[in-house]
Amino acid sequence: MYTALAILGSLLAVAGTVPYILETIKRKAKPRVVSWFTWALLTGLAAAAAFSDGQISAGLFALAGALATGTVVIVGWKYGDRRFTRLDIVCLAGVVAGLALWLSFDSPALAVWGAIVIDFIGFVPTYKHAWDKPKEETPVFFATVFAGGLLSTLAAVPVGGWTVTSVAYPLYVDLSMGLCLAV
């Protein structure tokens, strides 16, 4: 049952991206390409850290997120916002720092915390955009990714318990998606 929850949560996260991609192609949504690229790298880092610690449900959720956000980057390159700011440089440097911390200290938990902090920094421009121009965002995306994170968290608890690598990233995703839904 918990494996099914993990798979369902991951599929929801990916499914939520489909309307966002379609809205981007129709030019109704305008993703910040650098933010989405940063998220693709961060979710990939979180997936690798979770899998390396044996946390399959969190790893699947993060891997699904990496594939989905990577697809938004590809579509956004043509239809999105390709500006590159100082904040984007900080976020990308943070991805590299998170990877370096993980490799230096051999700590998947430290890599996950680093990914969350850096992700939050990268999330700020998107949250501001959702606040300023809510019609350029797709609420169904935020809602389905929120639901996917919740299911992934529920799947992880009985299997690996409440550990940083099992629940921190999915819970963070729930918080950030919930904030965007609230605007």
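Residues numbered from 1 in each chain as written. Predicted model: local features only at pLDDT ≥ 70, side-chain atom pairs only at ≥ 80, totals over all residues. Heavy atoms only, no water.

Tell me about the side chain of Asp-174, and please be specific about residues and values.
Examined against the element boundaries, Asp-174 turns out to sit in helix α7 (residues 164-182). Arg-32 provides the closest opposite charge to the buried, salt-bridge-free Asp-174, at an N-O distance of 23 Å. When near neighbours in sequence (up to four residues on either side) are disregarded, Asp-174 contacts Val-145, Phe-146, Gly-149, Leu-150 and Thr-153. (Helix = DSSP H or I, 4+ residues; strand = E, 2+ residues; numbered from the N terminus. Buried < 20%, exposed > 50% of the residue type's maximum accessible area, 1.4 Å probe, protein only. Lys, Arg positive; Asp, Glu negative; His and termini not counted. Salt bridge = Lys/Arg side-chain N within 4 Å of Asp/Glu carboxyl O. Contact = heavy atoms within 4.5 Å.)

So what about a positive patch on the surface? Which residues, and what values?
On the surface, a cluster of positive charge is contributed by Arg-27, Lys-30, Lys-78 and Lys-133. Note on placement: Lys-30 falls in the loop between α1 (2-25) and α2 (33-52). (Patch = residues over 30% accessible without salt bridge, like charges linked within 9 Å, V, L, I, M, F, W, Y side chains within 5 Å. Areas by Shrake-Rupley, 256 points an atom, 1.4 Å probe, with all protein chains shown as cover. Charge placed at Lys NZ, Arg CZ, Asp CG, Glu CD.)

Break down the nonpolar core for me, citing the residues and quoting the values.
Core analysis: the biggest nonpolar cluster contains 35 residues, and Trp-36, Phe-141, Tyr-169 and Val-173 have the highest contact counts within it. Elements with a contribution of two residues or more to this core: α1, α2, α3 (56-79), α4 (86-105), α5 (108-132), α6 (139-160) and α7. Tallying contributions element by element places α2 first for this core, with 8 residues. With residues up to four places along the chain from it excluded, the contact list for Trp-36 reads Tyr-20, Pro-31, Thr-69, Val-72, Val-73 and Phe-141. (Core = buried A, V, L, I, M, F, W, Y, C linked by side-chain atoms within 4.5 Å.)

Just give me the short version of the environment of Ala-68, but keep the residues and values in it.
By the secondary structure assignment, Ala-68 is in helix α3. Since its relative accessible area comes to 7%, Ala-68 is described here as buried. Through-space distance from the C-alpha of Ala-68 to that of Val-14 is 5.5 Å; in sequence the pair is 54 residues apart. When near neighbours in sequence (up to four residues on either side) are disregarded, Ala-68 contacts Val-14 and Thr-17.

So what about the pattern of salt bridges? Which residues, and what values?
If the charged atoms of two oppositely charged side chains come close together, the side chains can form a pair. Under the definition given, this model contains 3 salt bridges. The closest approach of N and O atoms between Asp-81 and Arg-32, which form a salt bridge, is 3.7 Å. Here Arg-32 lies in the loop between α1 and α2 and Asp-81 lies in the loop between α3 and α4, a separation of 49 residues in the sequence. When sorted by exposure, Asp-81 lands in the same class as Arg-32, which is buried. A salt bridge links Asp-81 to Arg-83; the shortest N-O distance between them is 2.6 Å. On the accessibility criterion, Asp-81 (16% relative accessible area) is buried. In this structure, a network of salt bridges that share partners links the residues Arg-32, Asp-81 and Arg-83.

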